[in-house]
Amino acid sequence: MPCPPLPAQVHVHVDVRGRQPAGSVIALSPAVLPARKGPMTGLGVVFRPQLPPERLRAVAREADAAGLEELWLWEDCFLAGGVSTAAAALAWTERVRVGVGLLPVPLRNVAVTAMEAASLERMFPGRAILTLGHGVQDWMGQVGARAASPLGLLGEHLDALRALLRGERLTVRGRYVRLDDVALDWPPEHPVDILAGGTGPRTLRLSGEKADGTLLTAATSVDGVRRARKLVEEGRRAAGRGGAHRVVVYLLAATGAGADARLRAELAAEGLESAGVGVAGDADAVAEAVRQVAEAGADTVVLQPTADEPDPEGFVRFAAREVRPLVP
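Read on for a plain summary of the structure.

Procedures and definitions
Residues numbered from 1 in each chain as written. Predicted model: local features only at pLDDT ≥ 70, side-chain atom pairs only at ≥ 80, totals over all residues. Heavy atoms only, no water. Helix = DSSP H or I, 4+ residues; strand = E, 2+ residues; numbered from the N terminus. Buried < 20%, exposed > 50% of the residue type's maximum accessible area, 1.4 Å probe, protein only. Contact = heavy atoms within 4.5 Å. Areas by Shrake-Rupley, 256 points an atom, 1.4 Å probe, with all protein chains shown as cover. Axes fitted to C-alpha atoms, helices over the stretch in contact; angles between N-to-C directions. Parallel < 35°, antiparallel > 145°, perpendicular 65-115°, else oblique. Left-handed = near helix turned anticlockwise from the far one by under 90°. Nonpolar A, V, L, I, M, F, W, Y, C, P; charged D, E, K, R; others polar. Patch = residues over 30% accessible without salt bridge, like charges linked within 9 Å, V, L, I, M, F, W, Y side chains within 5 Å. Salt bridge = Lys/Arg side-chain N within 4 Å of Asp/Glu carboxyl O. Core = buried A, V, L, I, M, F, W, Y, C linked by side-chain atoms within 4.5 Å. Phe/Tyr/Trp six-rings, centres within 6.5 Å; stacked < 30°, edge-to-face > 60°.

**Overview of the overall build of the protein chain**
So, step 1. Of the regular secondary structure elements, the protein chain holds ten helices and 14 strands.
So, step 2. When the 328 residues of the protein chain are sorted by exposure, 56% land in the buried category.
So, step 3. Sequence-distant contacts in the protein chain: of pairs separated by 6 or more residues, those separated by 24 or more amount to 75%.
So, step 4. Summing over all exposed atoms, the protein chain offers an accessible surface of approximately 14100 Å²; the carbon and sulfur share of this is 54%.

**Overview of helix α10 (residues 312-323)**
So, step 1. Across the twelve residues of α10, nine count as buried, placing the element largely inside the fold.
So, step 2. Those residues of α10 not exposed but buried are P312, E313, G314, F315, V316, F318, A319, A320 and V323.
So, step 3. In the core, the buried residues of α10 are packed alongside β4 (42-47), α1 (56-66), β12 (246-254), α9 (283-295) and β14 (300-305).

**Topic: the packing of α1 against α10**
So, step 1. Direction vectors running N to C along α1 and α10 enclose 20°, while the axes themselves pass 9 Å from each other. If you check the angle between α1 and α10, you find them roughly parallel. Of the two elements, α1 crosses α10, and the hand of that crossing is right-handed. Residues A58, V59, E62, A63, A65 and A66 of α1 touch α10, and the partners they reach there are P312, E313, V316, R317, A320 and R321.
So, step 2. Of the residues that constitute the contact of α1 with α10, the class distribution is eight nonpolar, no polar and four charged.

**Thoughts on a nonpolar patch on the surface**
So, step 1. On the surface, F78, L107 and V143 cluster together into a nonpolar patch covering about 270 Å² of accessible area.
So, step 2. Assignment of secondary structure puts V143 in the loop between α4 (137-142) and α5 (150-165).
So, step 3. The class of V143 is partly exposed, set by a relative accessible area of 41%.

**A few points about unusual backbone geometry**
So, step 1. The omega torsion of the bond from C77 to F78 falls at 0°, within 30 degrees of zero and hence cis.
So, step 2. In this model, G101 is joined to L102 through a cis peptide bond whose omega is 10°.
So, step 3. Residue placement: L102 occurs in strand β6 (residues 97-104).
So, step 4. One non-glycine residue, D181, adopts positive backbone phi at about 55°.
So, step 5. Structurally, the position occupied by D181 is in strand β9 (residues 178-182).
So, step 6. D181 sits in the partly exposed class, given a relative accessible area of 46%.

**What about the nonpolar core?**
So, step 1. Counting 78 residues, the largest nonpolar core has L132, L165, I194, V290, L303 and V323 as the members making the most contacts within it.
So, step 2. For this core, the element with the highest residue contribution is α5, accounting for eight residues.
So, step 3. Excluding anything up to four places from it in sequence, L132 contacts L102, L103, V105, T113, L154, H157, L158, L161, I194, L195, A196 and G197.
So, step 4. Residues W72, I129, L215 and L252 belong to the second largest nonpolar core, which totals 18 residues.

**Here's the deal with the packing of aromatic side chains**
So, step 1. Applying the stated rule across the entire model yields three aromatic pairs.
So, step 2. Centre to centre, the rings of W74 and Y250 are 6.0 Å apart; their planes meet at 50°, and the pair counts as tilted. Taken together, the residues span a long stretch of sequence, with W74 in the loop between β5 (70-73) and α2 (82-92) and Y250 in strand β12 at a distance of 176 residues.
So, step 3. The class for W74 is buried, based on a relative accessible area of 11%.
So, step 4. Overall, Y250 belongs to the buried group, its relative accessible area being 5%.
So, step 5. On the numbers, 6.2 Å between centres and 45° between planes, the contact of F315 with F318 is tilted. With a gap of three residues between them, F315 and F318 both fall in helix α10, about one helical turn apart. Residues F315 and F318 agree in their burial class; the two are buried.
So, step 6. Chaining the aromatic ring pairs together yields one cluster made of W72, W74 and Y250.

**A few points about the pattern of salt bridges**
So, step 1. For the coordinates displayed, the defined rule picks out 25 salt bridges.
So, step 2. With a closest N to O distance of 2.5 Å, E266 and R48 form a salt bridge. Of this pair, E266 sits in helix α8 (residues 259-269) while R48 sits in the loop between β4 and α1; the two residues are 218 residues apart in sequence, bridging distant segments of the chain. In this structure, E266 and R48 share a single accessibility class: buried.
So, step 3. The salt bridge involving R95 is made with D64; its shortest N-O contact spans 3.6 Å. A residue pair is termed long-range when its members are at least 10 positions apart, and R95 in the loop between α2 and β6 and D64 in helix α1 qualify at 31 residues.
So, step 4. Owing to a relative accessible area of 38%, R95 belongs among the partly exposed residues under this scheme.
So, step 5. Assessed through its relative accessible area of 16%, D64 is described here as buried.
So, step 6. In this structure, a network of salt bridges that share partners links the residues R229, E233, R236 and D299.

Okay, here's the thing in structure tokens:
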């Protein structure tokens, strides 16, 4: 059914996980959206690297036990490695899919990316999701890896990586990617989807043109998701690509005691107070926000807790057991 119109801010009382009620704010587009048709919306949670790496095991196992569909990890400089944490999370669990969003391509030779992606797929079939992106340019500069053309580098990396994962033997003489008769000895036995992350129009069109899916940050409003989907489709049409293209969107979310204050503090710290993003409240409020993002074009919505979330395992249970049943 169509979602009812929402004001810019909706205040309700919540008491999830046995805590004192806290005010709820939904900072989303007030537009009435048409009913979304198609498969069920995917739901995931981010394990933020502001937590020490040793906390990952408990959170990953809780995600598996609670029935969460996807657990997403970050490779933010200089906090935690994306592939190492993904491999550990996959090994500690049985069914949850583990996404990395994202791996900065300036830090990697494409052959290494291909070997890592192929190894994860062969060891944990269908469970690893890798996303490539430019990386934060200031961080790339800190490590001497800043590219003159981030867009050109990402495009070359995507082309070569997807070909290597198809089992092709490559010789490439690009501006950034250079390979001489390279092929994987252990290519994946099944196709591997590679996502691209980005925010700018040219990167989003490139993702549609060359990637199998697109990852959008939590700074993306409902209208921004709609615009991004349009740009991705423009890229797909220009490249003559058919088939599915999955759009994954992070949604900043807080629940429980102090949720409203934690959300406001994080939005202020990121300069996003007026961006129309984020939700604080109970399962109904969060599920409504997820539905709005899905109606705008997201296939999967990944709840991103605040950096100071006091109970990461509880947040996973909240998403899997309270929000998931409310999301079509």
